[in-house]
Amino acid sequence: MPGRHHLYIPGPTNVPDRLLRAMHRAQEDHRSAAFPALTRSILDRLPAVVGSTTATPFVFPASGSAMWEAALVNSVHPGSRLLAVRFGQFSHLFIQTARQLGYVVDVIEVPWGEGAHPGLIEAALRADPAHDIKGVLLVHNETATGVTSDVGAVRTAMDRAGHPALLYVDGVSSIASLAFEMDAWRVDCAITGSQKGFMLPAGLGILYCSPRVVRALDTVTTPRAYFDLRPMLANNAQGYFPSTPALTLLWGLDEALTMLLDEGMANVVARHRRLAEGVRRAVHAWGLSLCASNAAWYSDTVTAVVVPDGADARVVIAHAASRWNLSLGSGLTQLAGKVFRIGHMGDVNELMLAGALAGTEMALLDAGIALTPGSGVAAAASWWRESAPLSVH
Ligand code: PLP
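Rules behind the numbers
Residues numbered from 1 in each chain as written. Predicted model: local features only at pLDDT ≥ 70, side-chain atom pairs only at ≥ 80, totals over all residues. Heavy atoms only, no water. Buried < 20%, exposed > 50% of the residue type's maximum accessible area, 1.4 Å probe, protein only. Helix = DSSP H or I, 4+ residues; strand = E, 2+ residues; numbered from the N terminus. Arc of directions from axis to C-beta. Contact = heavy atoms within 4.5 Å. Near = heavy atom within 4 Å. Polar contact = N/O pair within 3.5 Å; in protein donor to acceptor, adjacent residues only side chain to side chain. Nonpolar A, V, L, I, M, F, W, Y, C, P; charged D, E, K, R; others polar. Core = buried A, V, L, I, M, F, W, Y, C linked by side-chain atoms within 4.5 Å. Expected span 1.5 Å × (residues − 1). Pairing = 2+ DSSP bridges. Axes fitted to C-alpha atoms, helices over the stretch in contact; angles between N-to-C directions.

**So, helix α5 (residues 118–126)**
Among all positions of α5, only I121, E122 and L125 are buried. The buried residues of α5 occupy an angular sector of 100° when the element is viewed end-on, so they sit on one face. On its buried face, α5 sits against β3 (81–86), β4 (104–109), β5 (133–139) and α6 (151–160).

**Some points on the site of the ligand**
Taken together, 13 residues form the shell around the ligand, and within it S63, S65, T143, D170 and K196 come nearest. Residue S63 places a side-chain N or O atom 2.5 Å away from an oxygen atom belonging to the ligand. K196 places a side-chain nitrogen or oxygen 2.6 Å from an oxygen atom of the ligand. At three residues, the largest contribution of residues to the shell around the ligand is made by helix α3 (residues 64–73). Counted by class, the shell around the ligand contains four nonpolar, seven polar and two charged residues.

**With respect to the side chain of T39**
Secondary-structure assignment places T39 in helix α2 (residues 36–49). What makes T39 buried here is its relative accessible area of 2%. Setting aside residues up to four positions removed in sequence, T39 forms contacts with N236, G239, Y240 and F241.

**Details of the environment of N74**
With respect to the helices, strands and loops of the structure, N74 is situated in the loop between α3 and β3. For N74, a relative accessible area of 0% translates into the label buried. The residues touching N74, leaving out its near neighbours within four places in the chain, are L217, V220, R224, F227, D228 and L229. Reaching out from N74, the side chain makes a polar contact with the side chain of R224 at a distance of 2.8 Å.

**Description of unusual backbone geometry**
Cis geometry is adopted by the peptide bond preceding P12, which originates at G11 and carries an omega value of 0°. Residue placement: P12 occurs in the loop between β1 (6–8) and α1 (17–23). Positive phi, normally seen in glycine, also occurs at N325, with a value near 60°.

**Some details on the nonpolar core**
Grouped together as the largest cluster of nonpolar side chains are 88 residues, with contacts concentrated most on L46, F198, L207, Y208 and L253. The greatest single-element share of this core, amounting to eight residues, is contributed by helix α9 (residues 247–263).

**Here's the deal with helix α11 (residues 313–324)**
Between the first and last C-alpha of α11 there are 16 Å, a value that for twelve residues agrees with the 16 Å anticipated at 1.5 Å per step. Taken as a whole, α11 has its buried residues at A313, V316, I317 and A320. Along the axis of α11, the buried positions cluster into a sector of 100°, meaning they face one direction only. The inward-facing, buried residues of α11 abut β13 (326–330), β14 (339–343) and α12 (350–366). One side-chain oxygen of the residue at the start of α11 lies 2.8 Å from the amide nitrogen of R314, identifying that residue as D312.

**So, the sheet that holds β1**
Ordered by their spatial adjacency, five strands build an open sheet running β1-β13-β14-β12-β11, and the pairing between neighbours is mixed. At either end of the open sheet lies a strand with only one pairing partner, and these are β1 and β11 (289–290). Both β13 and β14 contribute to a ladder of two bridges, which runs antiparallel. Residue pairing for β14: G329 is matched across the bridge by R341. Taken strand by strand, α11 contacts β1, β13 and β14, and its axis lies near 160° from that of β13.

Here you go:
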């Protein structure tokens, strides 16, 4: 098909040309005297993205899922008991990973479309006076349902329960897009990958550890090899990596950090909020509803849209792809056919999303779902116009 492809799945996200250019480089000697400058530029600036001055960042050739494993095996003993909330496919997979690694996970089941209820976490921790539970696993932004949980409120609940468990936060679809306050929330492990808010191709797993986790690295007895953070820490201190790093992606990450920090994290967060609100207004104008059941849980990086009874979201997605050159995210597992997802994360602006909304409207009509053509785009455009200051000079 002529013209650009329109990628609006919730990751991988669009890679800006500036990052493509930064990655367009010859391979080089990663043991050279010059290399540490790149390592330091990245590791020194990564914490600012998660609101931290104390976290130690780790970067692996891997993806977000791998950082679930890296976080756990470096911080809790074999067979430890953990507490998790399950409200979507990614919280499910985080739990599954922990169980496959031999940890025992108590699960708080929450209907998909809701987020973490701090009160339930507090109650579960209060019911553990012996402090058997060693960690709380939380997916900040459940990409499957478009739900963002309040990590600060979960931290407060843990404090109220007076429980010392570590706090693990999956920020794969929140970090570098949504407000993330690692220090203020006292997150112990924050987990992400390169292909969402960092606007890069998949291929990097990024893990941030609190000083508490770093201090305890030597005492944890869980077997680990590739994801052992100790050789990484020792090599990083000299500006190197224990094995061959994903060089091209590192150059991209360095440039992505410049883009994010030049824009300013507060502005990045505000941009995502404004853009997401436009998408939500479009969905409401179409007469459709969100999978997120309460406005408090609306995600500013991904919107999961519920199709009417009798309609199949897979048909909408198929029309979008084949007729309009538009990729929308599918409904995962129990949501298959019931929702499609619009990703609005990373390098996006109003007119890019207006195109995505126009394509979505046409695909909805193609799938036989009645709506007023142009209604979604108009609702989004009205919001974007009224919420942005005029800047004609
Ligand atoms: N956690 C969340 C919230 C995700 O959205 C994803 C992927 O979409 C993952 C974890 C898994 O990350 P990856 O696909 O990079 O392994």
